[in-house]
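# A closer look at the structure
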Amino acid sequence: MSVNKAILVGYVGTDPEVRYLDSGTAVCNFRLATSEVYKNKNGEKVTTTDWHNVVLWRGLAETAEKYVKKGTQLYIEGRIKTRSWDDKDGNKRYTTEIVCDNFQMLGKKIDVPPEESQKEEKVSSLEEKEENNTEIEEADDLPF
C-alpha cells in the first residue's frame, strides 16, 4: 500500500489560468505560496516561502475560474505528481505539481461590489418573506 497526499494552506500567487481542451474539459493552473516563519540563531525572524504549481481539472477548474484570484487564501488537498517532457532543444524537462482533488477558500469573503451584495440581501429577505407567507396561507387552508 502507498499514499500520495498533499495538504497545503497558502496564498494564490497568480491569477488562475484556465483553458479548455478540445474535449471541453477545463484545466486550471496557478502557483500557491506557503510560508514558514522561524527565528534564526541570532534571534531574527526569518520567513521562507515555497511555491507550488497547482493543477485543477473539470468542475474544480471552473469553480476556481469564477472565484479564485491572486491573493486568495486556499486550503488544498491533492496528490504530488512529477511529469517530464522534451523542450524545443531536445532537453529533458521536469515539473512537480499538486493535482488538486479538493479545495476550500479561506480568509476574508470575496470582494463583491456593494450593489451586488445589497441585491443578494434583498433577494434572500424576499425569499424568507415568501416562505413565511406560504406557511401562513397553508395554515389558513386547514379544515378546522
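Residues numbered from 1 in each chain as written. Predicted model: local features only at pLDDT ≥ 70, side-chain atom pairs only at ≥ 80, totals over all residues. Heavy atoms only, no water.

Okay, the overall build of the chain next. The secondary structure content of the chain amounts to two helices and six strands. Starting at the N terminus and ending at the C terminus, the chain contains elements arranged as β-β-β-β-α-β-β-α. Looking at the chain residue by residue over its 144 residues, the buried ones come to 24%. Excluding contacts between residues fewer than 6 apart, the proportion of contacts in the chain whose partners are at least 24 apart in sequence is 55%. Approximately 11100 Å² of the chain is accessible, and the part contributed by carbon and sulfur atoms is 47%. (Helix = DSSP H or I, 4+ residues; strand = E, 2+ residues; numbered from the N terminus. Buried < 20%, exposed > 50% of the residue type's maximum accessible area, 1.4 Å probe, protein only. Contact = heavy atoms within 4.5 Å. Areas by Shrake-Rupley, 256 points an atom, 1.4 Å probe, with all protein chains shown as cover.)

Once that is clear, we can look at the nonpolar core. Core analysis: the largest hydrophobic core is formed by 17 residues, its most contacted members being Phe30, Leu32, Val54, Leu56, Leu74, Ile76 and Phe103. Secondary-structure elements contributing two or more residues to this core are β1 (6-12), β3 (26-39), β4 (45-57), α1 (58-67), β5 (73-86) and β6 (92-106). Looking at this core, the element that brings in the most residues is β3, giving four residues. (Core = buried A, V, L, I, M, F, W, Y, C linked by side-chain atoms within 4.5 Å.)

It is worth spelling out the layout of surface pockets at this point. Within this model, the largest pocket holds a volume of roughly 290 Å³. Lining the largest pocket are 14 residues; nearest its centre among them are Val27, Asn29, Val55, Arg83 and Glu97. (1 Å grid on protein atoms, 1.4 Å probe; cavity = no way out; pocket = protein on both sides within 12 Å on 5 of 7 lines; lining within 4 Å. Points joined across faces, edges and corners; volume = space filled by probe spheres on them.)

With that settled, the discussion passes to the environment of Val37. In this structure, Val37 sits in strand β3. Here the alpha-carbon distance between Val37 and Thr48, two residues eleven residues apart in the chain, equals 6.5 Å. Setting aside its immediate chain neighbours within four residues, Val37 contacts Lys45, Val46 and Thr47.

With respect to the helices and strands, Thr25 occurs in the loop between β2 (17-20) and β3. Polar contacts involving the side chain of Thr25 include one to the side chain of Ser23, which spans 3.0 Å. Discounting chain neighbours no more than four positions away, the residues touching Thr25 are Arg19, Tyr20, Trp57 and Arg58. (Polar contact = N/O pair within 3.5 Å; in protein donor to acceptor, adjacent residues only side chain to side chain.)

The next point concerns the confidence of the model for the chain. When pLDDT is averaged along the chain, the result is 82; 75% of the residues meet or exceed 70. Per-residue pLDDT stays below 50 along residues 116-144; that stretch engages in two contacts with residues further than four places along the chain or on separate chains. (pLDDT = per-residue confidence, 0-100.)

Turning our attention to the state of the cysteines. One pass over the structure, following the stated rule, counts zero disulfides. Looking at the unpaired Cys28, the closest cysteine sulfur is the one in Cys100, lying at 9.2 Å. Overall, Cys28 belongs to the buried group, its relative accessible area being 0%. (Disulfide = S-S within 2.5 Å.)

Inspection of the sheet shows β1 paired to β3 by two bridges, in the antiparallel sense. Within β3, the residue paired with Val12 across the bridge is Leu32. Pairing between β2 and β3: four bridges, direction antiparallel. For Val18, the partnering residue across the bridge sits in β3 and is Cys28. Hairpin connection between β2 and β3: a loop of five residues separates the two successive antiparallel strands, and Gly24 in this loop has a positive phi of roughly 95°. A loop of five residues connects β3 with β4, the two strands running antiparallel in sequence, and Gly43 in this loop sits at a positive phi of about 85°. (Pairing = 2+ DSSP bridges.)

Across all of its chains, the model carries three salt bridges by this definition. Ionic pairing is found between Lys5 and Glu77, a salt bridge with its closest N-O pair at 3.3 Å. Note that Lys5 is positioned in the segment before β1 and Glu77 in strand β5, a separation of 72 residues in sequence. Between Arg83 and Glu97 there is a salt bridge, with the nearest N and O atoms lying 2.9 Å from each other. One end of the pair, Arg83, is in strand β5; the other, Glu97, is in strand β6, with 14 residues separating them in the sequence. Take Arg83: its relative accessible area is 39%, and that puts it in the partly exposed class. Relative accessible area serves as the criterion here: at 8%, Glu97 is assigned to the buried category. (Salt bridge = Lys/Arg side-chain N within 4 Å of Asp/Glu carboxyl O.)

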